Amino acid sequence: MAKVSNPNPCLSCGACCAFFRVSFHWTETSVESHGVPIALTKQISPYMNAMNGTDQVKPNCVALKGTVGESTSCGIYEYRPNCCRIFKASFEDGSRNESCDKARLSKGLKPLQTSDWLS
Ligand code: SF4
Ligand code: SF4
């Protein structure tokens, strides 16, 4: 029987968007880049910006929609910074991402397994 893909587990997670400081070179806010909305960011150094809400003791990205661990999405998906684009969920590409596991554990969610992608 053919393998059937489960729904993307990130859609019921969002933990990484409420755990890490999401910072990137300021040029990512330019229209020549993919244009992270600058109003949703703050300058944290001469060359770096961070998503608002992530540069604090309890990070929570301003662009995160929904409830962590239930149903979430990125409100600026088409314009999200590169660090978000390259962040892989554990076993999304076949290997574990300890940072994904760490973020999930901080929200009381079990680390993903291969079975979370295929049934
Ligand atoms: S912590 Fe992992 S599973 Fe959760 S949204 Fe981020 S990448 Fe996806
Ligand atoms: S920009 Fe989107 S993907 Fe990146 S941390 Fe914020 S909500 Fe998550």
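Below: a short report on this structure. The structure presented is a predicted model; accordingly, all values stated were derived computationally and were not measured.

Bringing the nonpolar core into the picture now. Generally speaking, a soluble globular protein has its nonpolar side chains buried in company with each other. Among the nonpolar cores identified, the biggest contains nine residues, and these are Ala 18, Val 22, Phe 24, Val 36, Met 51, Cys 61, Ala 63, Leu 64 and Ile 76. Residues in contact with Leu 64, not counting those within four places in the same chain, are Gly 14, Cys 17, Ala 18, Thr 72 and Ser 73. Of all hydrophobic cores here, the second largest spans five residues; its members include Phe 91, Cys 100, Leu 112 and Trp 117.

With that out of the way, let us pick up the site of ligand 2. With respect to spatial proximity, the complete set of residues near ligand 2 consists of Cys 17, Val 22, Cys 61, Ala 63, Leu 64, Cys 74, Ile 76, Pro 81 and Cys 84. Per-class residue counts for the shell around ligand 2 are nine nonpolar, no polar and no charged.

For the rest of this paragraph, the subject is the packing of aromatic side chains. Under the criterion given, the structure shown has two aromatic pairs. Each ring, one from Phe 19 and one from Phe 20, has its centre 4.8 Å from the other, and the planes form 85 degrees; the classification is edge-to-face. The exposure class of Phe 19 is partly exposed, given its relative accessible area of 26%. A ring pair is formed by Phe 20 and Phe 87, whose centres lie 5.9 Å apart and whose planes are at 55 degrees; its orientation type is tilted. Of this pair, Phe 20 sits in the segment before strand 1 (23-25) while Phe 87 sits in the loop between helix 1 (82-86) and helix 2 (98-106); the two residues are 67 residues apart in sequence, bridging distant segments of the chain. A residue is classified by how much of its surface remains accessible, and Phe 87, at 28% relative accessible area, is partly exposed. Members of the aromatic cluster, joined through ring pairs, are Phe 19, Phe 20 and Phe 87. Directly above the ring of Tyr 77 sits Arg 80, whose terminal nitrogen or CZ lies 3.8 Å from the centroid.

Analysis parameters
- Residues numbered from 1 in each chain as written.
- Chains lettered and ligands numbered in written order.
- Predicted model: local features only at pLDDT ≥ 70, side-chain atom pairs only at ≥ 80, totals over all residues.
- Heavy atoms only, no water.
- Core = buried A, V, L, I, M, F, W, Y, C linked by side-chain atoms within 4.5 Å.
- Buried < 20%, exposed > 50% of the residue type's maximum accessible area, 1.4 Å probe, protein only.
- Contact = heavy atoms within 4.5 Å.
- Near = heavy atom within 4 Å.
- Nonpolar A, V, L, I, M, F, W, Y, C, P; charged D, E, K, R; others polar.
- Phe/Tyr/Trp six-rings, centres within 6.5 Å; stacked < 30°, edge-to-face > 60°.
- Helix = DSSP H or I, 4+ residues; strand = E, 2+ residues; numbered from the N terminus.
- Lys NZ or Arg CZ within 6 Å of the ring centre and 35° of its normal.

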